[in-house]
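Reading the structure
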Amino acid sequence: MTGPVVAGIGWITPQGPGRGREAREFPMTPGPIPPVNREDVFPEPNLRFGRLPQYSRVGLAAIAFALRDAGMEQWKTKRFAGLVASTRAGCLVTDIEYYNTVLPEGGGLPSPNLFSSTLPTCFLGEAAIQFGLTGPTLIVNDPAKDALSGVRMALESLSWGECGTMLAGHIDLPAGPAIPGISPPWTGGLFMVLENARDSIANGYGTLDLSDGGAVLHNGIGVPGLNELVRACLAFRGPS
Amino acid sequence: MSEVLITATASITGLGPDLDTTWRRLLAGETAVRPILRFDAGRYSTRNASWIEGLETRGDRSLLYPLLERLLDGFVPLPPGCRLVAATTKGCIDTFERVRKGLPGAVDDIPVSGPLAWLAARLGLDDPGVNVNSACASSTMAVARAAAMIASGRADAVLVVCMDLVSEFILSGFSSLQALDPAGCRPFDRNRNGLSIGEGGAALLMMSAEKARGKGIRGIGSVVGWGAANDATHVTAPARDGCGLIQAIRLAMAKASIGPDDISAINAHGTGTVYNDAMEATAFESVFGSRRIPLNSLKGAIGHTMGAAGGIEVAVGLRSLADRTLPPTTGFGEPMERCGFPVSPLPQPIGGRYLLSTNSGFGGINAALVLKGNPE
C-alpha cells in the first residue's frame with residue numbers, strides 16, 4: 001500500500017520564506033529568523049496577522065506557503081484536515097514577551113493579546129481559522145533532534161484514518177539572550193501538506209511511510225532529519 | 001483493532017494526594033479553591049486557585065517534580081516496552097518565572113524535554129516519550145493518542161502522565177482576559193462568571209486488552225472512543241454553535257460504535273465561563289436531543305487544571321462508572337438558561353456503562369473520549 005503523498009511544502013528559515021514549487025534547493029544554515037511581515041504572506045490586508053507575535057507569524061506563514069504550494073490555500077467550506085507540529089522550545093519567545101508585561105518593571109499590566117499566544121498550539125488555531133481546517137490540532141514536544149516527530153504523528157493519524165489530509169511540520173525559534181542556553185537544533189517553521197494517496201490530486205513530492213521502528217521513509221528510503229526529507233522531496237520533483 | 005484497557009490510575013489534585021481522597025471530597029461537594037500562598041496574587045482579579053498543599057523543592061527546581069513524585073509514588077510497575085505520552089501546557093513554568101526574575105533556575109527544565117527526561121529516568125523507560133500540547137484539551141488528546149497507538153498495534157502499553165502547575169504566569173494571563181471568577185468557578189450556573197485555575201496531575205496506564213488479560217489484569221475500564229475537531233472560528237473563544245465539539249463527540253461515538261442513547265453520563269469541560277458552558281450545552285443538545293443525561297464538571301472543586309484536566313477527569317470518570325455515581329458539580333446553584341441536562345450540587349446516580357468526557361481549549365480545539373466501565 002502506498003503511503004501519503006507530499007502535496008505541498010512551505011517554510012520560513014533563516015534564509016527567508018520559501019515553498020517547494022518555487023525552490024531549486026533548500027538552504028538551511030543557522031541564524032536568526034528575519035521578521036515576517038503580512039505582505040510576505042498575504043497579498044490582502046489581514047486583520048489578525050499584524051497582532052501576532054513572531055512565533056505565530058512564522059508558523060502561520062509556513063502553513064500558508066505549504067497550502068499555496070499544494071494549490072489548497074483557497075477554500076469555501078471548512079475542511080476536515082488536521083494540524084500537527086513538533087517543537088523543542090515551543091513558544092518560549094512569546095512566553096518571554098508576555099511575561100515582560102507581567103513583571104512590575106515591565107509595567108505590571110499583563111497583555112491579554114500576548115497571553116492568547118502563549119500556548120504553542122495557538123498559531124495552529126490561527127491557521128485553522130484562516131484556512132478552514134477542522135481536524136485534530138496538536139503540538140508535540142519531543143526531545144528528538146531530527147525535527148520529524150510532527151511528520152511521524154501525521155503519518156500515524158493518516159494511517160489510522162483520523163483524516164485524509166494533515167498539515168505536518170516543525171517550528172522552533174531560539175530564546176535568545178533572555179534565557180541563555182536554549183537553542184533548538186532546528187530553527188524556523190516548515191510544514192508539509194500530506195494527503196492519503198487515494199485522495200490526492202496533487203502532483204506531489206513523492207510518498208511518505210513509517211517503518212515499523214518509526215523511521216520516516218521517503219519513497220521507501222529512510223531520511224535522518226527534516227532537512228534531508230525536504231531535500232529528498234525537492235530532488236524527486238525536480239526543477240519546476 | 002485492539003481493545004484499549006486502562007489498568008491503573010492515579011491522580012493528585014488540590015483536594016488530595018490520591019484518587020481516593022479526591023473522590024471522597026468530590027462526593028462531599030468540597031472545593032480546593034482558596035487563596036494562593038505561593039506568590040503574591042494581589043494584583044489580579046482573584047487571589048484564589050486550587051493548589052496542592054505542601055509542594056516543596058530545592059530552590060532552583062520546579063514544583064512540578066514533587067508533584068510528579070507524589071503522583072507516581074506507589075504506582076504499579078510498568079510493563080516492558082511501555083511508551084510514555086505526557087500532557088502539559090506549560091511544564092516547569094515556575095522555573096521560567098524564576099529565571100526571568102533573575103533567580104537561580106534549572107534552565108534545562110524550561111523546554112518540556114526537561115520533565116520528559118525526568119519522567120523517563122524516574123520510570124526506568126528507555127524512550128523519553130513525547131508531550132502532547134493541545135491547550136486545555138492536552139491530556140484528552142494524549143489519552144486519545146495513546147488509545148490509537150494501542151488500538152493500531154503500534155504499542156502494547158502506554159503510560160499517560162498529565163500535569164500542570166498554578167503559576168503567576170497563568171493567573172495573570174486569565175486575569176488579563178477577565179476570565180476568572182472571584183467568587184470561584186460555578187459551572188453551568190446561571191450566575192457563572194469565569195474559571196478558577198488549578199494544578200494537578202494524573203497517571204493512566206493503558207494496555208491492549210489481549211496483553212493485559214495475558215497477565216491476568218482485568219482493568220478498571222476501557223477507552224472505546226475518541227475524537228477531535230477544531231472549530232476554525234476563534235482562537236480564544238469557543239464557537240457559539242459548538243461545531244467542533246459536536247464533531248469530536250460524533251467521531252468518538254462512531255469509533256466506539258455506539259449511539260447517543262448509549263451514553264449514560266457526561267463529564268463536561270465545564271470551565272464556568274459564560275461562553276464555554278453555553279457552547280457545551282448547545283453541543284450536547286445537538287448530539288443528544290431531548291435525552292436528559294446526567295452532566296457534571298469537576299472544575300468548581302479542583303479548578304481548571306489545564307493540561308492535566310482531561311487525565312484527572314478520566315481517572316474520576318472511571319471511578320464514576322465503577323461506583324455508578326456522578327460527582328457533584330461544586331459551585332453549581334441555579335441552572336443556566338438553555339441547558340436541559342441535569343446538573344446538581346449533589347451526587348447523581350448513573351445507570352449505563354458509557355461515560356462521555358470532553359475538553360476544549362484555545363485554538364478552537366475540542367476533544368472527546370468515550371469511557372466504558374467494567375461489568376459487575
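The following paragraphs examine the structure supplied in this document. (Residues numbered from 1 in each chain as written. Chains lettered and ligands numbered in written order. Predicted model: local features only at pLDDT ≥ 70, side-chain atom pairs only at ≥ 80, totals over all residues. Heavy atoms only, no water.)

Its boundaries defined by the atoms lining it, the largest pocket holds a volume of some 780 Å³. Lining the largest pocket are 36 residues; nearest its centre among them are Leu177, Thr236, Ala237, Pro238 and Phe362 of chain B. Elements represented by at least two residues in the lining of the largest pocket include exactly α4 (112-115) of chain A together with α9 (274-288), β13 (354-361) and β14 (365-373) of chain B. If you tally residues by element for the lining of the largest pocket, the top one is α9 of chain B, at four residues. When the residues that make up the lining of the largest pocket are grouped by side-chain class, the tally is 15 nonpolar, 17 polar and four charged. Computed from the structure, the second largest pocket encloses a volume of approximately 410 Å³. In this structure, the second largest pocket is lined by 19 residues; those nearest its centre are Arg152 and Glu156 of chain A together with Arg83, Asp127 and Val130 of chain B. No other element matches helix α6 (residues 149-159) of chain A, which puts four residues into the lining of the second largest pocket. (1 Å grid on protein atoms, 1.4 Å probe; cavity = no way out; pocket = protein on both sides within 12 Å on 5 of 7 lines; lining within 4 Å. Points joined across faces, edges and corners; volume = space filled by probe spheres on them. Helix = DSSP H or I, 4+ residues; strand = E, 2+ residues; numbered from the N terminus. Nonpolar A, V, L, I, M, F, W, Y, C, P; charged D, E, K, R; others polar.)

Moving on to the interface of chain A and chain B. Each partner contributes to the interface: chain A provides 53 residues, whereas chain B provides 53 residues. Taken together, the two surfaces of chain A and chain B that pack against each other cover about 4,300 Å², and 63% of this comes from carbon and sulfur. Sorting the residues of chain A by area buried against chain B places Tyr99, Phe115 and Trp160 of chain A first, and these three jointly supply 17% of that buried surface. Across the contact surface, chain A and chain B share three salt bridges. Ionic pairing is found between Glu156 of chain A and Arg154 of chain B, a salt bridge with its closest N-O pair at 3.5 Å. Sheet topology places strand β4 (residues 137-141) of chain A next to strand β5 (residues 130-133) of chain B; three bridges connect them, and they run antiparallel. Looking across to β5 of chain B, one finds that Asn141 of chain A is bridged to Asn131 of chain B. (Contact = heavy atoms within 4.5 Å. Buried area = accessible area lost by both parts, 1.4 Å probe. Salt bridge = Lys/Arg side-chain N within 4 Å of Asp/Glu carboxyl O. Pairing = 2+ DSSP bridges.)

Residue and element names in this part refer to chain B. At a closest axis distance of 11 Å, the pairing of helix α2 (residues 64-72) and helix α4 (residues 113-123) adopts a crossing angle of 30°. By the criterion of interaxial angle, the relationship of α2 to α4 is roughly parallel. Classified by chirality, the crossing of α4 by α2 is right-handed. Taken together, the residues of α4 that come into contact with α2 (itself represented by Leu64, Tyr65, Leu68, Glu69 and Leu72) are Gly114, Pro115, Trp118, Leu119, Arg122 and Leu123. Tallied by class, residues from the contact of α2 with α4 come to eight nonpolar, one polar and two charged. (Axes fitted to C-alpha atoms, helices over the stretch in contact; angles between N-to-C directions. Parallel < 35°, antiparallel > 145°, perpendicular 65-115°, else oblique. Left-handed = near helix turned anticlockwise from the far one by under 90°.)

Another aspect to go through is the packing of aromatic side chains. In this structure the tally under the stated criterion is 15 aromatic pairs over all chains. Between Tyr99 of chain A and Phe169 of chain B the ring centres are 6.0 Å apart and the planes differ by 20°, which places this aromatic pair in the stacked class. In this pair, Tyr99 of chain A is assigned in helix α3 (residues 92-102) and Phe169 of chain B in helix α6 (residues 168-176), connecting two distinct chains. As far as the burial class goes, Tyr99 of chain A and Phe169 of chain B line up, both buried. Between Phe96 of chain B and Phe169 of chain B the ring centres are 5.8 Å apart and the planes differ by 85°, which places this aromatic pair in the edge-to-face class. One end of the pair, Phe96 of chain B, is in helix α3 (residues 93-100); the other, Phe169 of chain B, is in helix α6, with 73 residues separating them in the sequence. Grouping residues by exposure puts Phe96 of chain B and Phe169 of chain B together as buried. Ring pairing ties together the aromatic residues Tyr98, Tyr99 and Phe115 of chain A together with Phe96, Phe169, Phe174 and Phe362 of chain B, which thus form one cluster. Geometry around Trp51 of chain B places Arg34 of chain B over its ring, the cationic atom sitting 3.7 Å from the centre. (Phe/Tyr/Trp six-rings, centres within 6.5 Å; stacked < 30°, edge-to-face > 60°. Buried < 20%, exposed > 50% of the residue type's maximum accessible area, 1.4 Å probe, protein only. Lys NZ or Arg CZ within 6 Å of the ring centre and 35° of its normal.)

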